[in-house]
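Observations on chain architecture
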Amino acid sequence: MLVLGGLVALVGVFWYIGTRSPVSGAEVLDWRPTRSYEDEVRLEMEDIDQMLEAQNERRRRTGRPELTEDEMRAEIARGEAEQKERAARYKADNET
């Protein structure tokens, strides 16, 4: 009982300090994101370009035509639509 009371008191103290503190926890810890939003977007675009180039290199080796980014996005959209349709059918079949 004493241990439980001590834990409740400890949580209460931390809660009180947290609600009365004039600065946020991120400011206390001096936390900042490691990369800016612009860097994240740039890196994501580079990743897409690298993946598309790697896939096209493999397609060239096997004699298939290269894909453009638009074709790849359309293929992904078709796959996602098929997956949603299968999920809807599965859900409808199992709702009995």
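Above: the structure in question.
None of these values were measured; they are calculated from a predicted model. (Residues numbered from 1 in each chain as written. Predicted model: local features only at pLDDT ≥ 70, side-chain atom pairs only at ≥ 80, totals over all residues. Heavy atoms only, no water.)

**Some thoughts on the packing of helix 3 (residues 37–61) against helix 4 (residues 69–93)**
Selection criterion: Simply put, an axis is a line fit to the C-alpha atoms, just over the touching stretch for a helix, and the angle between two N-to-C directions goes from 0 to 180 degrees. Under the scheme used here, helices are H or I runs from DSSP no shorter than 4 residues and strands are E runs no shorter than 2 residues, and both carry numbers assigned from the N terminus. When an angle is under 35 degrees it counts as roughly parallel; over 145 it counts as roughly antiparallel; between 65 and 115 it counts as roughly perpendicular; any other value is oblique. Any pair of residues with heavy atoms lying within 4.5 Å of one another is described as a contacting pair. Three classes are used, and their members are as follows: Ala, Val, Leu, Ile, Met, Phe, Trp, Tyr, Cys and Pro are nonpolar, Asp, Glu, Lys and Arg are charged, and the others, Gly among them, are polar.
Where helix 3 contacts helix 4, the axes come no closer than 11 Å and their chain directions differ by 90 degrees. The angle between helix 3 and helix 4 falls in the class roughly perpendicular. Contact residues: Ile48, Asp49, Leu52 and Gln55 in helix 3; Glu69, Met72 and Arg73 in helix 4. Across the contact of helix 3 with helix 4, the residue classes tally to three nonpolar, one polar and three charged.

**Points about the side chain of asparagine 56**
For the record, the criterion: Relative accessibility decides the category of a residue: with a 1.4 Å probe and only protein chains considered, values under 20% of the type maximum give buried, values over 50% give exposed, and everything between is partly exposed.
Mapped onto the elements, asparagine 56 comes out in helix 3. You can call asparagine 56 buried: its relative accessible area is 4%. Every residue in contact with asparagine 56, bar those within four places of it in the chain, is listed here: Glu66 and Leu67.

**Considering the pattern of salt bridges**
Operational definition: Definition used for salt bridges: Asp or Glu carboxyl oxygen within 4 Å of a side-chain nitrogen of Lys or Arg.
Under the criterion given, the structure shown has six salt bridges. Among the salt bridges present, the one from arginine 42 reaches glutamate 46, with a minimum N-O distance of 3.0 Å. Residue arginine 42 and its partner glutamate 46 are located together in helix 3, separated by four residues, close to a single helical turn. We note a salt bridge from glutamate 85 to arginine 89, for which the minimum N-O separation is 2.8 Å. Of this pair, glutamate 85 and arginine 89 are both found in helix 4, four residues apart, which corresponds to roughly one turn of the helix. For glutamate 85, a relative accessible area of 48% gives the class partly exposed. Arginine 89 sits in the partly exposed class, given a relative accessible area of 44%. Among the charged side chains, a network of salt bridges with common partners joins Asp39, Arg42 and Glu46.

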